[in-house]
Amino acid sequence: FFDIPLTGNTGRAGGLQLPIGIPSNVNEGRFCVDFCVYDTQNRISNIISTCVDVLRLGTGALQISLSWDNSSDQDLYVTDPSGTEIYYANPSSSTGGELDRDDTDGFGPENIFWTESAPDGEYTVEVDDFSGVSSTNFIVTITGPSTTRSFNGRTSNGNRVTVARFTKSGSNLSF
């Protein structure tokens with residue numbers, strides 16, 4: 001049982017976000033949450049059920065993940081320091097980079113990672129609107145040994161956008 005107060009940021013349209021943390025030892029699978037909402041006069045809503053699918057993604061020395069806001073097919077591309085482009089048609093690199101999830105029907109995630117060590121040098125991260133929809137908002141998260149950065153962007157009409165360029169040197173990422 002949790003009591004989550006609504007704030008002034010909650011709109012009258014009924015939008016509600018529930019912060020749910022998933023421990024790192026939870027395996028892949030599905031979990032569901034049932035909840036209801038009550039007001040200051042103790043009027044209670046119907047019970048609402050929502051389910052979440054938990055996916056385990058590859059992690060390690062470097063991880064780059066993409067998610068987006070609709071049911072389109074967006075693709076993550078990462079060019080590593082060797083010049084190899086990692087994406088759905090070329091899911092691995094001789095440097096150890098690997099695409100372990102290619103989501104073709106919406107929301108993501110797509111994930112490229114290096115387990116043991118990622119080579120030093122320049123990386124380019126891009127997102128491609130494979131499905132060619134009118135507009136899709138996305139977020140890319142880049143996680144290195146001592147840095148995590150997120151980048152928001154938008155694709156539209158089949159275009160491919162450069163999200164970030166960074167240089168890895170030892171345990172440092174420079175954007």
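The structure displayed is predicted, hence computed values, not measured ones.

Participant: Explain the overall build of the protein chain to me, using residue names and the numbers behind them.
Facilitator: Counting secondary structure elements, the protein chain contains 0 helices and 12 strands. In sequence order, the secondary structure elements of the protein chain are arranged as β-β-β-β-β-β-β-β-β-β-β-β. Taking as baseline every contact in the protein chain between residues at least 6 positions apart, the subset at least 24 positions apart corresponds to 59%.

Participant: Let's hear about the layout of surface pockets: which residues, and what values?
Facilitator: Size it by volume and the second largest pocket reaches roughly 200 Å³. Lining the second largest pocket, in full, are Ile-22, Val-52, Asp-53, Val-54, Leu-55, Arg-56, Leu-57, Thr-59 and Gln-63. Per-element tally for the lining of the second largest pocket: the top contributor is strand S2 (residues 48-54), with 3 residues. Within the lining of the second largest pocket, the residues separate by chemical class into 5 nonpolar, 2 polar and 2 charged.

Participant: Could you give an account of the state of the cysteines, with specific residues and numbers?
Facilitator: Summed over all chains, the structure comprises 1 disulfide. Across a sulfur-sulfur distance of 2.0 Å, Cys-32 and Cys-51 are joined as a disulfide pair. Judged by the sign of its S-S torsion, about 100°, the cystine formed by Cys-32 and Cys-51 is right-handed. Taken as a pair, Cys-32 in strand S1 (residues 29-35) and Cys-51 in strand S2 lie far apart in primary sequence, 19 residues in all. Here Cys-51 falls in the partly exposed class, since its relative accessible area comes to 35%.

Participant: Mind laying out the sheet that holds strand S10 (residues 148-155), listing which residues take part and the relevant values?
Facilitator: Spatially, 5 strands are ordered S6-S7-S3-S9-S10 in an open sheet, and the strand pairing comes out antiparallel. Looking at which strands have only one partner, the edges of the open sheet turn out to be strand S6 (97-101) and S10. Strand-to-strand twist of the sheet, defined as the mean angle between neighbouring strand axes without regard to direction, takes the value 15°. In terms of strand pairing, strand S9 (residues 136-143) meets S10 through 8 bridges, oriented antiparallel. From the neighbouring strand, Thr-143 faces S10, where its bridge partner is Thr-148.

Participant: Explain the sheet that holds strand S8 (residues 121-129) to me, using residue names and the numbers behind them.
Facilitator: The antiparallel open sheet is built from 5 strands, whose spatial order is S5-S4-S8-S11-S12. Where the open sheet ends on each side, the last strands, each with one partner, are strand S5 (85-86) and strand S12 (172-174).

Definitions and limits used
Residues numbered from 1 in each chain as written. Predicted model: local features only at pLDDT ≥ 70, side-chain atom pairs only at ≥ 80, totals over all residues. Heavy atoms only, no water. Helix = DSSP H or I, 4+ residues; strand = E, 2+ residues; numbered from the N terminus. Contact = heavy atoms within 4.5 Å. 1 Å grid on protein atoms, 1.4 Å probe; cavity = no way out; pocket = protein on both sides within 12 Å on 5 of 7 lines; lining within 4 Å. Points joined across faces, edges and corners; volume = space filled by probe spheres on them. Nonpolar A, V, L, I, M, F, W, Y, C, P; charged D, E, K, R; others polar. Disulfide = S-S within 2.5 Å. Buried < 20%, exposed > 50% of the residue type's maximum accessible area, 1.4 Å probe, protein only. Pairing = 2+ DSSP bridges. Axes fitted to C-alpha atoms, helices over the stretch in contact; angles between N-to-C directions.

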